[in-house]
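# Report on the structure
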Amino acid sequence: MSTPADTLAVLDHVHALVTGHRFRCAGEALLQVALAQVLAGASIAFQREVSLGEAGRIDFLLTQAHVGLEVKVDGGLSEVTRQLLRYAEREDVHALLLVTTRSRHGGLPPRMRGKPVRVAVLRGGLL
């Protein structure tokens, strides 16, 4: 079981890893594939397309610290916020990382339902 400090360390490490990488792909599906490669290359264990019951299906769940990672290249801030709030209600999600090409998604609060949230805005978007 991970401690809150472990969860924050993993969240911040993956945030730095993602924002430090230049993704060269077109579209959300290919970005997810590229993210999986980056995570695997950094020896970060994860599951893809994890069902969270009524909350929906999150793109990645990092198994070490139960960090949920969602990818968005479209959608408004209110839509993304509602989706992440549903995920944050889950006991099996301890933190959230949104990976997005939309700078407006950077306006998310730093915590949702008491859980830490980070936003990785991919500068320059995708191809």
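Whatever comes next refers back to the structure up there.
In what follows, the accompanying structure is described. This is a predicted model, so every value here is computed, not measured. (Residues numbered from 1 in each chain as written. Predicted model: local features only at pLDDT ≥ 70, side-chain atom pairs only at ≥ 80, totals over all residues. Heavy atoms only, no water.)

## Points about the overall build of the protein chain
From N to C terminus, the protein chain includes 3 helices and 6 strands. Taking 14 Å as the expected radius of gyration for a compact globule of 127 residues, we find that the protein chain reaches 13 Å, a close match to that expectation. Its C-alpha atoms give the protein chain principal-axis dimensions of about 35 × 35 × 25 Å. Considering the protein chain as a whole, with its 127 residues, one finds that 43% of them fall into the buried category. Excluding contacts between residues fewer than 6 apart, the proportion of contacts in the protein chain whose partners are at least 24 apart in sequence is 56%. With an accessible surface of roughly 6400 Å², the protein chain has 52% of that area assigned to carbon and sulfur atoms. (Helix = DSSP H or I, 4+ residues; strand = E, 2+ residues; numbered from the N terminus. Rg over C-alpha atoms; globule rule 2.2 N^0.38 Å. Buried < 20%, exposed > 50% of the residue type's maximum accessible area, 1.4 Å probe, protein only. Contact = heavy atoms within 4.5 Å. Areas by Shrake-Rupley, 256 points an atom, 1.4 Å probe, with all protein chains shown as cover.)

## Here we look at the side chain of E70
Along the chain, the position of E70 falls in strand β3 (residues 67–72). Here D59 takes part through its backbone nitrogen, which lies 3.2 Å from a polar atom of the side chain of E70. (Polar contact = N/O pair within 3.5 Å; in protein donor to acceptor, adjacent residues only side chain to side chain.)

## Digging into the nonpolar core
Nonpolar side chains in soluble globular proteins tend to be buried together. Within the largest apolar cluster, 25 residues are counted, with the highest numbers of intra-cluster contacts made by V14, V18, F23, L31, L35, L69 and V99. Among the elements of the structure, α1 (4–19), α2 (28–41), β2 (57–62), β3 and β4 (95–100) are those that each provide at least two residues to this core. The leading source of residues in this core is α2, at 6 residues. Among the nonpolar cores identified, the runner-up in size contains 17 residues, and L52, A55, V93 and L96 belong to it. (Core = buried A, V, L, I, M, F, W, Y, C linked by side-chain atoms within 4.5 Å.)

## Here's the deal with the sheet that holds β4
With respect to topology, 6 strands assemble into an open sheet ordered β1-β2-β3-β4-β6-β5, the strand pairing being mixed. Every other strand in the sheet has two partners, leaving β1 (46–51) and β5 (111–112) as the edge strands with one partner each. Where β2 and β3 come together, 3 bridges link them in antiparallel fashion. By the bridge assignment for β3, L62 is matched with V67. Packing against the sheet, α1 makes contact with β2, β3, β4 and β6 (115–121), and its axis sits at approximately 5 degrees to β6. Set on the sheet, α2 makes contact with β1, β2, β3 and β4; between it and β1 the angle comes to about 140 degrees. (Pairing = 2+ DSSP bridges. Axes fitted to C-alpha atoms, helices over the stretch in contact; angles between N-to-C directions.)

## Concerning the packing of aromatic side chains
Tallying each qualifying case throughout the model produces 1 aromatic pair. Note on F46 and F60: the rings are 5.5 Å apart at their centroids and 65 degrees apart in plane angle, and the pair reads as edge-to-face. Here F46, found in strand β1, pairs with F60, found in strand β2; they are 14 residues apart in sequence, far enough to count as distant. When its relative accessible area of 24% is taken as the criterion, F46 is described as partly exposed. Of the residues examined, F60 reaches a relative accessible area of 0% and is grouped as buried. (Phe/Tyr/Trp six-rings, centres within 6.5 Å; stacked < 30°, edge-to-face > 60°.)

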